[in-house]
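Residue strings, one per chain:
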Amino acid sequence: MQEPTFLILTALADGPQHGYGIITDAERISGGRTRLRAGTLYAALDRLQADGLIGADREEVVDGRLRRYYRLTDEGAAALAAEVDALRRRTEAAARRLAARPRPGTAPA
Amino acid sequence: MRTLEDRYRRLLALYPPERRQEMLDVLLDAARPGQARPSVVDTADLLFGAVRIRARRLVCGAGGGTWQQGLAIAGYVSLVLLLADGLRFLVNAPYVLALTAGDQSRGAFEHLSAALGTGPYWLAWAAVAVLVRRGFRRTATGLTALVLTAQSAVLTVYLAHGPVPYGMPATSVSTVPFLLGLLCTASLVTSPGPAHGARLLGRRVASAVPAAGALLALLFTAPSAALVTGRMYWPGDRYQPGALDMFSGALRMLQVGRLLVVAALGIALLAVLARSGHGRRACALLVLPVTPVFATVAETAVRGFSVEDGPHGPMLTAVAGLAVALGGLLLIELPARLRKGAHPSA
């Protein structure tokens, strides 16, 4: 799963959000490292919607601006859970190997 | 003088119309105060995003196009019917085993293979259903591809060279279950998948499909045959010469009743699905596995028996049935297409 997809699904796991809400939430989730741009966001939303991982929730007009809300579907939640599981396994494997690695200064000469 | 909004609108003209206003409002929300033109990075991102959306829709259709949605529904119905067939196998297994247990003319492997040989096949489809339900679509697709490949390989060798382990059981699942498996795999590969199909059907219809499948499967089991023969064979009964023929004969006698139930369930499903474009496409696709069943019934009605000489005949019948269904669908939707062509703005 690509990073934008992961960030979008994680943002929607908290509840339905509109496009700009997803951008700001994804930035928060990534610790300020990733800011989704509109083209990337909507290409991903279009694909995720077609795959049934997210769905349209509702539309609102706030201050004359259209806000279309998206929600995570059960299938999307399952896909995110599978990705979290895979990432956890990889992280644990990396942590185990790093822990087993000789520390600088203790390696045999 | 052009404003930021005008410049964004020009870029967004590359996007599908239903996305433009929403994206424009997001871009204006995200703009810096006093920003007069899109940055180079934003421009490149918008151009690249438009290409990605247009390319994906060109290949797969918009928002899971009508055909994709139809395939998702057909995939769900196919998977449920495969599970129902597995249920039939499970209910019948102890009876078939008991009826043939004393048959000295068969070796132990041949006996077990004939009675329970398709067990792993049904188990694999049950695993596919669990994977689909839990959202592991890629693993489920791999497993369906593996099942279909193994099944085709065994069948090819068996039909070309005679006895091969699991050859006989492979023939028993070589037509309708194979075609259902094919639809299910196509649904997993080229559509949002059976789980999405279930959602498109809605909770009520989606839960009625397994109930109908189970009812259909149970009509093909030993207990329902007992209703006709008046004699129930229990697991553990001693083998009697001719018992298996009697059992098969009873199942054949149930044919009319089954046909009525299949027709009633088929009409009910058609009535529900025909209301939408994707539903009609699902119906057309489901004609593929259904045609061989009706061809066999029709042949039996006309000739008094049906000839089973491998899967090739039923496969050709199935493809012919699908072609007719697709042609029929085209004719049904032609008036609407012509109207749409005459009034493109509608």
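Residues numbered from 1 in each chain as written. Chains lettered and ligands numbered in written order. Predicted model: local features only at pLDDT ≥ 70, side-chain atom pairs only at ≥ 80, totals over all residues. Heavy atoms only, no water.

Quick question: what am I supposed to make of the overall build of chain A here?
The helix and strand inventory of chain A stands at four helices and three strands. For chain A, the α and β elements follow one another from N to C terminus as α-β-α-α-β-β-α. A burial count over chain A gives 40% of its 109 residues as buried. For chain A, the share of sequence-separated contacts (at least 6 apart) that also reach a separation of at least 24 residues comes to 46%. Counting every atom, chain A has about 6200 Å² of accessible surface; 49% of that belongs to carbon and sulfur. (Helix = DSSP H or I, 4+ residues; strand = E, 2+ residues; numbered from the N terminus. Buried < 20%, exposed > 50% of the residue type's maximum accessible area, 1.4 Å probe, protein only. Contact = heavy atoms within 4.5 Å. Areas by Shrake-Rupley, 256 points an atom, 1.4 Å probe, with all protein chains shown as cover.)

I would appreciate a short explanation of the interface of chain A and chain B in the present structure.
You'll often see interface size given as the accessible area lost when the parts meet. Listed by partner, the interface residues are 27 residues for chain A and 31 residues for chain B. When chain A packs against chain B, the two sides together hide about 2600 Å² of surface, and 51% of this comes from carbon and sulfur. Area buried by chain A at its contact with chain B is led by Tyr42(A), Asp46(A) and Arg65(A), which between them contribute 24% of it. In this structure, the connection of chain A to chain B is made through six salt bridges. The shortest N-O distance in the salt bridge between Asp29(B) and Arg65(A) comes to 2.6 Å. For the side of chain A that touches chain B, the secondary structure elements donating two or more residues are helix 2 (19-29), helix 3 (38-50), strand 3 (65-72) and helix 4 (74-100) of chain A. If one sorts the elements of the side of chain A that touches chain B by residue count, helix 3 of chain A sits on top with 10 residues. The residue makeup of the side of chain A that touches chain B, split by class, is 11 nonpolar, seven polar and nine charged. (Buried area = accessible area lost by both parts, 1.4 Å probe. Salt bridge = Lys/Arg side-chain N within 4 Å of Asp/Glu carboxyl O. Nonpolar A, V, L, I, M, F, W, Y, C, P; charged D, E, K, R; others polar.)

Explain the sheet that holds strand 2 (residues 54-62) of chain A here, please?
In sheet architecture, strand pairing relies on hydrogen bonds along the backbone and comes in two forms, parallel and antiparallel. Residue and element names in this part refer to chain A. The three strands lie next to each other as 1-3-2, forming an open sheet whose pairing is antiparallel. In this open sheet, the two edge strands, each paired with only one partner strand, are strand 1 (17-18) and strand 2. Direction of pairing for strand 2 relative to strand 3: antiparallel, over a ladder of eight bridges. Pairing of Val-62 across the sheet is with Arg-65, part of strand 3. In the packing of helix 3 onto the sheet, the strands contacted are strand 2 and strand 3, and the crossing angle to strand 2 comes to about 130 degrees. (Pairing = 2+ DSSP bridges. Axes fitted to C-alpha atoms, helices over the stretch in contact; angles between N-to-C directions.)

Help me out: how do you make sense of the UniProt feature "transmembrane region" (unreviewed entry) in chain B in this one?
Residues and elements named next belong to chain B. Feature annotation in UniProt places "transmembrane region" (unreviewed entry) on residues 71-91, 111-132, 139-160, 166-190, 211-234, 254-273, 285-306 and 312-332, given in this structure's numbering. Counted over residues 111-132, helix gives 91% and strand 0%. Its end C-alpha atoms are 34 Å apart. Annotation note: span residues 139-160, helix share 100%, strand share 0%, distance between end C-alpha atoms 32 Å. (UniProt positions renumbered as here; feature names shortened; annotations may be inferred.)

Honestly, the nonpolar core in this entry has me stumped. Any pointers?
Formed by 35 residues in total, the largest nonpolar core has its most connected members in Ile8(A), Ile22(A), Leu41(A), Leu45(A), Ile54(A) and Leu46(B). Among the secondary structure elements, those contributing two or more residues to this core are helix 1 (3-13), helix 2, helix 3, strand 3 and helix 4 of chain A together with helix 1 (4-12), helix 2 (17-30) and helix 3 (40-60) of chain B. Residues contacting Leu41(A), with those up to four places away along its chain left out, are Ile8(A), Gly19(A), Ile22(A), Ile23(A) and Leu36(A). Counting residues in hydrophobic clusters, the runner-up holds 20 residues, among them Ala74(B), Leu201(B), Leu273(B) and Leu285(B). (Core = buried A, V, L, I, M, F, W, Y, C linked by side-chain atoms within 4.5 Å.)

Looking at this model, I keep getting lost on the packing of aromatic side chains. Mind explaining?
The description of two aromatic rings rests on the distance between their centres and on the angle between their planes. The tally for this structure, following the rule as stated, stands at two aromatic pairs over all chains. Measuring from ring centre to ring centre gives 4.9 Å for Tyr121(B) and Trp122(B), while their planes differ by 80 degrees; the resulting arrangement is edge-to-face. Each member of the pair Tyr121(B) and Trp122(B) is classed as buried. Between the aromatic rings of Tyr121(B) and Trp125(B), the centroid separation amounts to 6.4 Å while the plane-to-plane angle is 75 degrees, which identifies the pairing as edge-to-face. Of this pair, Tyr121(B) and Trp125(B) both sit in helix 6 (residues 119-133), four residues apart, roughly one helical turn. The ring of Tyr69(A) has Arg58(A) lying over it, and the distance from NZ or CZ to the ring centre is 3.9 Å. (Phe/Tyr/Trp six-rings, centres within 6.5 Å; stacked < 30°, edge-to-face > 60°. Lys NZ or Arg CZ within 6 Å of the ring centre and 35° of its normal.)

Whenever I open this one, a nonpolar patch on the surface confuses me. Can you help?
All names here are of chain B. Residues Val-290, Val-293 and Phe-294 make up a contiguous nonpolar surface patch of about 200 Å² in total accessible area. By secondary structure assignment, the location of Phe-294 is in helix 15 (residues 277-303). Here Phe-294 falls in the partly exposed class, since its relative accessible area comes to 35%. (Patch = residues over 30% accessible without salt bridge, like charges linked within 9 Å, V, L, I, M, F, W, Y side chains within 5 Å.)

I tried to follow the pattern of salt bridges on my own but got confused; where do I start?
Working definition: two side chains of opposite charge can pair if their charged atoms are close together. Considering all chains together, one arrives at 18 salt bridges over all chains under this definition. The closest approach of N and O atoms between Asp25(A) and Arg28(A), which form a salt bridge, is 3.0 Å. Placement of both Asp25(A) and Arg28(A) in helix 2 is noted, with a separation of three residues, approximately one turn of the helix. Its relative accessible area of 9% is what places Asp25(A) among the buried residues. Between Asp57(A) and Arg58(A) there is a salt bridge, with its nearest N and O atoms 3.0 Å apart. Overall, Asp57(A) belongs to the partly exposed group, its relative accessible area being 33%. In this structure Arg58(A) comes out as partly exposed when scored by relative accessible area, which is 36%. Salt bridges linked by common partners bring Asp46(A), Glu59(A), Arg68(A), Arg19(B) and Glu22(B) together as one network.

Before we go on, may I ask you to explain the packing of helix 1 of chain B against helix 2 of chain B in this structure?
Relative orientation and spacing of two packed helices are given, respectively, by the angle between their axes and the distance between those axes. Residues and elements named next belong to chain B. Two elements in contact, helix 1 and helix 2, have axes whose closest approach is 10 Å; the angle formed by their N-to-C orientations is 140 degrees. Between helix 1 and helix 2, the crossing angle belongs to the class labelled oblique. Judged by the sense of rotation from one axis to the other, the crossing of helix 1 with helix 2 is right-handed. Residue-level inspection shows Leu-4, Glu-5, Tyr-8, Arg-9 and Leu-12 of helix 1 in contact with helix 2, the latter providing Arg-20, Gln-21, Met-23, Leu-24, Leu-27 and Leu-28. (Parallel < 35°, antiparallel > 145°, perpendicular 65-115°, else oblique. Left-handed = near helix turned anticlockwise from the far one by under 90°.)

Where do I start with helix 9 (residues 176-190) of chain B in this structure?
In this model helix 9 of chain B runs 21 Å from its N-terminal to its C-terminal C-alpha over 15 residues, within 8% of the 21 Å that 1.5 Å per residue would give. Taken together, the buried positions of helix 9 of chain B are occupied by Pro177(B), Phe178(B), Leu179(B), Leu180(B), Gly181(B), Leu183(B), Cys184(B), Thr185(B), Ser187(B) and Leu188(B). (Expected span 1.5 Å × (residues − 1).)

I keep staring at the packing of helix 1 of chain A against helix 3 of chain A and nothing clicks. Help me out?
All names here are of chain A. The geometry of helix 1 relative to helix 3 is characterised by a closest axis approach of 10 Å and an angle of 75 degrees between their N-to-C directions. Judged by the angle between their axes, helix 1 and helix 3 are roughly perpendicular. From helix 1, Pro-4, Thr-5, Ile-8 and Leu-9 reach across to helix 3, where they touch Thr-40, Leu-41, Ala-44, Leu-45, Arg-47 and Leu-48.

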